[in-house]
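Below, each chain spelled out in residue letters.
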Amino acid sequence: PEHRPLTAVPSRAYPVLDVPLLRPLTAYVSGVVSALAIGRRARPDVVYFRSGGSVLPLLLRRALGARVVLEVNGDALEFLEREGAGPVRRWLTRLAEGANARRSDLIVAITPGLKEMLVARYGIGPGKVRVIPSGTDPDHFSPEEPTRARQRIGLEADRPVVGFVGL
């Protein structure tokens, strides 16, 4: 409740038809139209995006003349395989991710292993990939005695707790 963001980040909603087969398509098309409209007004120098199955940043690059920086913070294909995604979805993701990696101006990988994966899988030159590990400001967090912390948030003292922070 006391956390305040360091910087306000503007965001904008875009329309999506909430129908099972149309939702992904309308989200993608609506996202493209919205990003182009905003980009034409703001004229960004750089479009920064995370790896995945979207080639929207490459479309923005061409339409807006902006440089593209790709962040890779996980192996999308490994994730899809573990989640049981079908071969067509994995193939499409591999195509999109490969196009994104090859056509981006710069790639930021959060681990040396992800850099190696990009170089091996997509033939990316090692000089195009920078490793910048994820970071946490430890001064933002202060350790608390475990029993007191559990009581404060209503957890039983003798039950295991597993935590995860991420996207």
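Relevant structure appears above.
Not measured: the values here are computed from a predicted model.

Draft legend 1. Looking closely at helix α1 (residues 22-42). Taking 1.5 Å of rise per residue, the 21 residues of α1 would be expected to cover 30 Å, and the 30 Å separating its terminal C-alpha atoms lies within 8% of that figure. Within the span of α1, buried status applies to Thr 26, Ser 30, Gly 31, Val 32, Ser 34, Ala 35, Leu 36 and Gly 39. Along its buried surface, α1 packs onto α2 (56-64). Looking one or two places after α1, you find Arg 43, whose phi comes out positive at around 45°.

Draft legend 2. Examining the environment of Pro 126 more closely. Looking at the secondary structure, you find Pro 126 in the loop between α5 (112-122) and β4 (129-131). Taking the C-alpha atoms as reference, Pro 126 lies 7.5 Å from Lys 115; in sequence the two are 11 residues apart.

Draft legend 3. Summary view of the environment of Arg 130. In this fold, Arg 130 is placed in strand β4. Residue Arg 130 is classed as partly exposed on the basis of its relative accessible area of 42%. Remark: the alpha-carbon pair of Arg 130 and Pro 112, spanning 18 residues in sequence, is separated by 8.9 Å. Apart from the residues within four sequence positions on either side, Arg 130 is in contact with Leu 106, Ile 107, Val 108 and Ala 109.

Draft legend 4. The pairing of strand β2 (residues 67-72), seen in detail. Most of β2 sits out of view: 5 of its 6 residues are buried. As defined by bridge partners, strand β1 (residues 46-50) adjoins β2 across 5 bridges and the pair is classed as parallel. The residue bridging Arg 50 from the neighbouring strand is Glu 71, located in β2. Handedness of the crossover joining β1 and β2 through α2 is recorded here as right-handed. Where β2 and strand β3 (residues 106-109) come together, 4 bridges link them in parallel fashion. Counterpart to Leu 70 in the pairing with β3 is Ile 107.

Draft legend 5. Expanded view of helix α6 (residues 146-153). Backbone nitrogen of Thr 147 and a side-chain oxygen of the N-cap are separated by 3.2 Å at the start of α6; the cap is Glu 145. Taken from the residues just after α6, Gly 154 is the one with a positive phi, measuring 80°.

Draft legend 6. Quick peek at the pattern of salt bridges. This structure, assessed with the given rule, holds 8 salt bridges. The residue Arg 50 makes a salt bridge to Glu 71 at a minimum N-O spacing of 3.1 Å. Within this pair, whereas Arg 50 is found in strand β1, its partner Glu 71 is found in strand β2, the two being separated by 21 residues in sequence. Judged by relative accessible area, Arg 50 falls into the partly exposed class, the value being 42%. Between Arg 82 and Glu 78 there is a salt bridge; the shortest N-O distance is 3.0 Å. Of this pair, Arg 82 and Glu 78 both sit in helix α3 (residues 76-82), separated by 4 residues, roughly a single helical turn. What makes Arg 82 exposed here is its relative accessible area of 67%. Taken together, the shared-partner salt bridges connect Asp 75, Glu 97 and Arg 121 into one network.

Rules used throughout
Residues numbered from 1 in each chain as written. Predicted model: local features only at pLDDT ≥ 70, side-chain atom pairs only at ≥ 80, totals over all residues. Heavy atoms only, no water. Helix = DSSP H or I, 4+ residues; strand = E, 2+ residues; numbered from the N terminus. Expected span 1.5 Å × (residues − 1). Buried < 20%, exposed > 50% of the residue type's maximum accessible area, 1.4 Å probe, protein only. Contact = heavy atoms within 4.5 Å. Pairing = 2+ DSSP bridges. Right-handed = clockwise from strand over helix to strand, strands pointing away. Polar contact = N/O pair within 3.5 Å; in protein donor to acceptor, adjacent residues only side chain to side chain. Salt bridge = Lys/Arg side-chain N within 4 Å of Asp/Glu carboxyl O.

So yeah, pure geometry; function would need other evidence.
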